[in-house]
Amino acid sequence: MFKIFLPNQFYHNVFQITPVYMKRNGLKGIITDLDNTLIRWDHPDATPELRDWFKGFTDAGIKVTICSNNNENRVKIFADQVGLPFVFKARKPLPLGFNRARKLMGLKSHETMVVGDQVMTDMLGGNLGGFHTILVKPIVKTDEWKTYLNRRMESVILAYFKRKKMLKWED
Ligand SMILES: [Mg+2]
């Protein structure tokens, strides 16, 4: 039950994802969510820490693409700061946006990681598309009102994983 929502790993934040982890799992590219995964949903700017994190991957020959359900303006302001390609209005969990991001990198889904802070969009869509999925904790507890229902469903699913001892936040 709920297997389609289960990520490959649970991490506290994106900084736990390293080029070493990518290599070990045969992964060549990252499709990352934006809001509450990389930056707070209500802030526009990349942090120096994030720039270093991206550089670690590009230096290792690993591609990164941003894939967000948010609008073009919001995603472009961030993506241009860090010089990364992006997909906006991705309509996750539908596979279309993820596949567009994957094709931009010229990779197969099994070579590509999907990282995000939401079970109902990022993990469901990533798993449906056959990607390696990583769930991170949201940067802030608050969210846009749109995500309210998704968060309610997510809490039920995460409680189930916890009961079944399938939920383990890696240190
Ligand atoms: Mg998000």
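In this text, all values refer to a predicted model and were calculated from it rather than measured experimentally. (Residues numbered from 1 in each chain as written. Predicted model: local features only at pLDDT ≥ 70, side-chain atom pairs only at ≥ 80, totals over all residues. Heavy atoms only, no water.)

**Description of unusual backbone geometry**
For step 1, the next point in the chain: Between K92 and P93 the backbone carries a cis peptide bond, its omega angle lying at 15°.
For step 2, the next point in the chain: A positive phi angle is found at K165, which is not glycine, with a value near 60°.
For step 3, the next point in the chain: Along the chain, K165 falls in the loop between α6 (148-163) and β7 (169-170). (Helix = DSSP H or I, 4+ residues; strand = E, 2+ residues; numbered from the N terminus.)

**Topic: helix α2 (residues 48-59)**
For step 1, the next point in the chain: Relative to the 16 Å expected for 12 residues at 1.5 Å per residue, α2 spans 16 Å between its end C-alpha atoms, a close match to the ideal helical length.
For step 2, the next point in the chain: Buried residues of α2: L50, W53, F54 and F57, and no others. The buried residues of α2 all sit within an arc of 95° when viewed along its axis, so they share a single face. Exposed side chains of α2 directed beyond 90 degrees from the buried face belong to P48, D52 and D59. (Expected span 1.5 Å × (residues − 1). Buried < 20%, exposed > 50% of the residue type's maximum accessible area, 1.4 Å probe, protein only. Arc of directions from axis to C-beta.)

**A few points about the coordination of the magnesium ion**
For step 1, the next point in the chain: D33 (OD), D35 (O) and D117 (OD) make up the full set of protein donors to the magnesium ion, lying at 2.1 to 2.2 Å.
For step 2, the next point in the chain: Linear spacing of the donor residues for the magnesium ion on their chain is D-x1-D-x81-D. Across the pair, exposure class does not vary: D33 and D35 are buried alike. (Donors = N, O, S within 2.8 Å, 3.2 Å for Na, K, Ca; no water.)

**So, helix α3 (residues 72-82)**
For step 1, the next point in the chain: Restricting attention to buried positions, one finds in α3 the residues R74, V75, F78, A79 and V82. Down the axis, α3 shows its buried residues gathered within 110° of arc, on one side only.
For step 2, the next point in the chain: Structurally, the start of α3 carries an N-cap: the backbone nitrogen of N73 is 3.2 Å from a side-chain oxygen of N71. (Polar contact = N/O pair within 3.5 Å; in protein donor to acceptor, adjacent residues only side chain to side chain.)

**Topic: the sheet that holds β7**
For step 1, the next point in the chain: With parallel pairing, the 7 strands of this open sheet are ordered in space as β4-β3-β2-β5-β6-β1-β7. Every other strand in the sheet has two partners, leaving β4 (86-87) and β7 as the edge strands with one partner each.
For step 2, the next point in the chain: Against the sheet, helix α5 (residues 119-128) makes contact with β5 (112-116) and β6 (132-136), and its axis sits at roughly 165° relative to β6, the strand it touches most. (Pairing = 2+ DSSP bridges. Contact = heavy atoms within 4.5 Å. Axes fitted to C-alpha atoms, helices over the stretch in contact; angles between N-to-C directions.)

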